[in-house]
Amino acid sequence: MDRDLQKHLYGVPRESSPGPRIYALSPNAADSTPKSFFGGNASSAQLHGSLKKTALNNSRLCLSVRSTQSIPGIRSDYNVVESFGCPLPVAVNEALTFPGSGAATITAKVAQNGWAWVVQSRRLLIWQYKDPTKSNSPPRAGLTPRRTGGLAQSRELTLPYSDLGHKSELISVFHTAGQQMASCISVSATGDVRYWSSIAHDGNSVDLSILTGQEFVQLLNLPNQNGYLAVTSTCNLVFLKVGLTNGRYTLHHKIIKPATSFLGGFGKKFASILIGMNPGGDKDQSLVGMCLESNSENGETVLALLSDRAVQRWCLSNKGNAEQLIYEDAEVVRRIREEFKTKFWNVRLPADNVEIELHLLDFQMVKRKGYILAGAVNTAHAPQMCYALVTVSAQAENMFLESFTPLKINKFFSPKTEEDCLSLRFVVASSHIYLYTPKVVYPLHLSDDGGPSAELEAEKIEFHMHDDRILSAAICNHQPLFFSRTHGLVSITPGDFDGTELLNMSTCNTPDLFAPASFSASFTVPDQSALSGSTNNLHMFELDPEDMYNELSDEVGHLKAAFLYHLKRNNTMVKSIVGELLRSVFEPDPSGAPVDALKLDRIVITIAEDLAEDLPISDPRWEEVMGDQEMHHHALGSSRSMQIKNQLRDKIIAFQHFIAFLHSSGVWEKLNAIPCGSNILKPTSFILSDLSEKIVAALALRTLQNKMPSLLEKAIDATVAGWGDKPQGSLTNQDIFYVKLSKFQNVFEALADIADERIAGQSQTSLLVAHSISDINSIVLDTLSEVLRYREQHANSFRLHNDKLASYENLPWTAMSGVAGVRDTLTRLIDISVCYCGHCVSETDLKQQLYQQIFELVDFVLDGRKNYLESVRDTEKFNVLQQQFESQRRELISLLIKDGQYEYAAKLAEKYLDFRSLVLICDETQDNDRLDDYTRKYEEYNFSQFAINWHLRQNRHGEVFDRFKNNPTALAQFMRDHPSLGWIQLIFNGDFERAAKMLYELAQCEVEFVARKKSMLSLAKLAALAAPDSDLTAQVDKIDVDLDLIEYQADLGQDVLQNFGFDTADQKVLKAEEIINLIIAEENDTATEVEFRKALELLTYVEHPYDMKHKIWCAAIKRDNWTDYDANNGVDYMHKLLFFKIIEISQLMGQEAESYLPPLEDFLESSELGDLPQQKPFQYLLKLTYEYVADMFKQSEDREL
């Protein structure tokens, strides 16, 4: 597009050289307003004019100009990245380069006092990277301390043995007054403390063990107290101090505990602790970080400690001998959780009951202001971690949440990526806050009040080398330093340009910042026969390539000139210009600037974008808007036609020529991928394909406009209004719409809105509304069908090389969700068509037409998701996306099944292998022949076993053998996989003897549900009785014995089972001993002689009946009072004893006393009765009972005689 036209139309000058263009695939992709790193508008100023370009270029900010890289593998466009100080000592460099098996355990720390150290197993390597007495200048006042040729000297100390190892965060190196050499103190994770008065003498150390059983994670230096504060993972504090006694150093420690009074020193925040959030229940709180907040004039120190539950503020006296817990505030953590719900998931009411997983990642205190980095995951919404930066300030009674700033960083969250998602940390400098992971740094600007600013963009500075990672970060003399495993200490400071330049940029090098519409094109070499009569309208055939080359002297102009030479068949000039361009793009810069690997891609996309959105050059209405300015004479896609349809055809032809040129010139093989959205790289070929398909879709829509003009005009007007554009002069909304093709997909959303409006308005009859919705569906389907047809015809033109194909995801705009795609709109139309038209329309032809459209819409949605799924098959997100695809597949197909549209549902289920739906269709239609066909058709997918398992899940076991009786192979496999159901097939085969034995064996193995065991035994008995020519009497007797035992269990009272915690609804199988114990238990106070008699009967099922019999009688004795009675009426009292009643009922049942009553001596010597056998009243009454029983049995025998 011509510069003057661009300036007049868009209100800003346009250079041809491409800036770092980003094509994001976020839900806000259609919004051309630049977005800040925090999600807000990058600038409140609006671009002038009726049209706003989605991505404007500025060669002044080109990467090749702005790059300040001085270290290989670390790239920055707007910050100075330099090596800091001397090179690493040899021993340190060797430990980092050749870590051996302990590579994952190496930790390092850079301290603000100029010391740094590396921990490798038990090795502690210490060196001084900066002398703080030599450089106290403010940042950027002078030159950055660059790396010199000398090497720093390191000292090596040996750390004490520890099962949990050592961490750099638990070590402090410092200068003690009066000593020439630095001192060091270390705490192991298990609490082993070692102090070296001089790091030059490893053998001269003092050891101490503190607070065993805890895991220490951080050590804080307390200068005012001349001590140190160690904290465990569960927020327990230990104060350490070094003493000098008789010329020898000693270590002292004190465990710091909160007050133990009722209020516990918590003051007015006590209520917050009682009713505050505690999602972990009794789980210990987990430390996030501990920071020094302030030092008072009297020497007191205030420090803050953040856990996953609350913020604690402590005050330590100047000598460290007294401490006070000022308060513990859990409210601030609850506020952070609520802010996440509100800002990221728009949860406003507690009744919404949205559960999120909150992670507090890092905590820093700077100038009495607290900074908290937090992340949250709403797994019900998406497996994605969102981040925010929170600032808090300490008040007298609580922590005040000053700001909550959402960060435009998000990461895919899964068990495999959880460690990476939780690795984000930060350091705070004077003007910036630096977020960092082991591989990336994000510098964020701080506002005047010390909070993160949402005005400036954040750059993504990556440490590209494979083995490189950031081990530590610190602020030294206001300068941010990052300890790189490969490069040592690296400083990152803002560049020397005005930061407000970022406000006016529409592109940036990080994929997380902007979300303009995605661009693409996909064409093969044009068919010349199809171009006759049309090519004369294209302005590019009249352009002079030499003028183009001279007037546009940047890379974009040169590639355009090469394209024009290609059209004129001047292959020599094409080869010369392209060769020169590729050398300038890919050859290293003599000045040492980094090579921009994406520069060629941005050049190609710039030309493709211009070609697609160039204005018709001969339309006088556009000339009226442009005034006297010359129309863009360098435009490649401009058409001389006055008809929109011809203009779109001409743009398609121009694209075909451009793609053919890219292939023939060798540029195509050099193209890579552009960052799109967060953590997504989209190949340039796919971006070009998307844009070309939108031109095709626009042409198809324009063709349909003659059939349904009013409906499409209303949709186009709504779309243009949604863009915030107004036609000027004699132009119409349609003129603007068919030019801004990068956001063409918005018209589908406008059509869905019209459908909703007509349903809600109720101004028309149901039949008219149904016809309107059918028309809208036809427009969408016809348009997208043309796109799919075009995609299939030109797939080879945009195919990636095989070596690149597996590296990138393939998500075209037709399968994309959000405003950048149409998938959500298609789902909307499906719901509208099913809920309204399918259920409210009685006209047969219209209803069938609507279901045909629903079928095609569902097919379109599932096809897009399936193709995208195939492109991510070898990635970690595949499993999650597959579950989402299967869920939506089942949901959409079930809509047709519920409405009885089985043929449409079956076609979709067959195409997308939804076996559940196929089985459901066969079941509801009672079509066993179709089920057999599917079994044969999908034999390789083991369909038969899926169908069998479906019947089992429906608790329809018996139907399995009937439904699959013609498939013995499937049944045989089923029997192998489910041996517990094999008896069913034996019954069907008439083999009752084997079925009885199998059921009996299954019943013996059943211990979970007594009802199931009873059913198995009953079926086994029936099978045994039905077995012909077989004598299974012995087996039937065994079955009866087991059934009798189950009956005893069934006689147990519900109260007894409930008292002992048994499930009364689904009772488990109890052994005979367990049933006896329940009967005679003291809690079963309602048990009578009848129940105790049953307990005695159960002795036949017990392995050791004598001991259990003794236990039963002892329990009966303990039910009554055997010592406090009237001895003169002993016989009468005896008749009231449960002991006697059991004997009496046993006699009535015809049993002899010797068979069930233990000898008298057993009770007189029983330990279960305690001291009762030693009491004379008991002995007397027991002997009286035995004598009376003996006489009673003797009289009974005499009567019988």
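Under the annotation held in an unreviewed UniProt entry, the protein chain carries the name Nuclear pore complex protein Nup133 and is attributed to Drosophila kikkawai. UniProt lists a comment for the protein chain under the heading Subcellular location (unreviewed entry), and it reads "Nucleus".

*Asks:* Sorry if this is basic, but what is going on with the overall build of the protein chain here?
*Replies:* Counting its regular elements, the protein chain contains 41 helices and 31 strands. The proportion of buried residues among the 1201 residues of the protein chain is 54%. Across the protein chain, the fraction of contacts at a sequence separation of at least 24, relative to all contacts at a separation of at least 6, is 63%. A total accessible area of about 53,900 Å² is found for the protein chain, and carbon and sulfur atoms account for 48% of it.

*Asks:* Could you clarify how one ought to interpret the packing of aromatic side chains in this entry?
*Replies:* For any pair of aromatic rings, the description rests on two quantities: the centre-to-centre distance and the angle between the ring planes. With the rule as written, the count across this model stands at 35 aromatic pairs. Measuring from centroid to centroid gives 5.4 Å for Phe174 and Tyr228, while their planes differ by 40 degrees, and the two rings are tilted. Here Phe174 is found in strand β7 (residues 171-174), whereas its partner Tyr228 is found in strand β12 (residues 227-232), with 54 residues between them in sequence. For the pair Phe174 and Tyr228, a shared accessibility class is recorded, and that class is buried. Between Phe744 and Trp813, the aromatic rings sit 6.5 Å apart at their centres with planes inclined by 80 degrees, giving edge-to-face as the arrangement. In this pair, Phe744 sits in the loop between α16 (733-737) and α17 (746-761) while Trp813 sits in the loop between α19 (802-805) and α20 (823-840), placing the two residues 69 residues apart along the sequence. A cation over a ring is seen here: Lys907 above Phe855, with NZ or CZ 6.0 Å from the ring centre.

*Asks:* What exactly am I supposed to notice about the environment of Ile1145 here?
*Replies:* In this fold, Ile1145 is placed in helix α38 (residues 1138-1148). It is 7.7 Å that separates the C-alpha atoms of Ile1145 and Arg1093, two residues lying 52 residues apart in sequence. Excluding its chain neighbours within four sequence positions, the residues that come into contact with Ile1145 are Glu1089, Val1090 and Arg1093.

*Asks:* Even after reading the chapter, I still don't get a negative patch on the surface, so can you show me in this structure?
*Replies:* A surface patch of like charges, here negative, comprises Asp544, Glu546, Asp547 and Glu551. Inspection of the secondary structure puts Asp547 in helix α8 (residues 545-551).

*Asks:* What is the right way to look at the pattern of salt bridges in this model?
*Replies:* Two side chains with opposite charge may pair up if their charged atoms get near one another. Considering all chains together, one arrives at 36 salt bridges under this definition. Linking Lys109 and Glu169 is a salt bridge whose minimum nitrogen-to-oxygen distance equals 3.6 Å. Of this pair, Lys109 sits in strand β3 (residues 107-110) while Glu169 sits in the loop between β6 (154-158) and β7, and the two are 60 residues apart along the sequence. Residue Lys254 is joined to Glu323 by a salt bridge in which the shortest nitrogen-to-oxygen separation is 2.9 Å. With a gap of 69 residues between them, Lys254 in strand β14 (residues 248-256) and Glu323 in strand β18 (residues 323-329) connect regions that are remote in the sequence.

*Asks:* Explanation requested: the layout of surface pockets in the structure shown.
*Replies:* Sizing a probe to match a water molecule and rolling it over the atoms shows the empty space that remains. Within this model, the second largest pocket holds a volume of roughly 650 Å³. Lining the second largest pocket we find 22 residues, and of these Phe686, Arg791, Ala795, Arg799 and Asn810 sit closest to its centre. Taken together, the elements giving at least two residues each to the lining of the second largest pocket come down to α14 (684-704), α18 (766-793) and α21 (844-871). Counted by class, the lining of the second largest pocket contains eight nonpolar, six polar and eight charged residues.

Thresholds applied
- Residues numbered from 1 in each chain as written.
- Predicted model: local features only at pLDDT ≥ 70, side-chain atom pairs only at ≥ 80, totals over all residues.
- Heavy atoms only, no water.
- UniProt positions renumbered as here; feature names shortened; annotations may be inferred.
- Helix = DSSP H or I, 4+ residues; strand = E, 2+ residues; numbered from the N terminus.
- Buried < 20%, exposed > 50% of the residue type's maximum accessible area, 1.4 Å probe, protein only.
- Contact = heavy atoms within 4.5 Å.
- Areas by Shrake-Rupley, 256 points an atom, 1.4 Å probe, with all protein chains shown as cover.
- Phe/Tyr/Trp six-rings, centres within 6.5 Å; stacked < 30°, edge-to-face > 60°.
- Lys NZ or Arg CZ within 6 Å of the ring centre and 35° of its normal.
- Patch = residues over 30% accessible without salt bridge, like charges linked within 9 Å, V, L, I, M, F, W, Y side chains within 5 Å.
- Salt bridge = Lys/Arg side-chain N within 4 Å of Asp/Glu carboxyl O.
- Lys, Arg positive; Asp, Glu negative; His and termini not counted.
- Charge placed at Lys NZ, Arg CZ, Asp CG, Glu CD.
- 1 Å grid on protein atoms, 1.4 Å probe; cavity = no way out; pocket = protein on both sides within 12 Å on 5 of 7 lines; lining within 4 Å.
- Points joined across faces, edges and corners; volume = space filled by probe spheres on them.
- Nonpolar A, V, L, I, M, F, W, Y, C, P; charged D, E, K, R; others polar.

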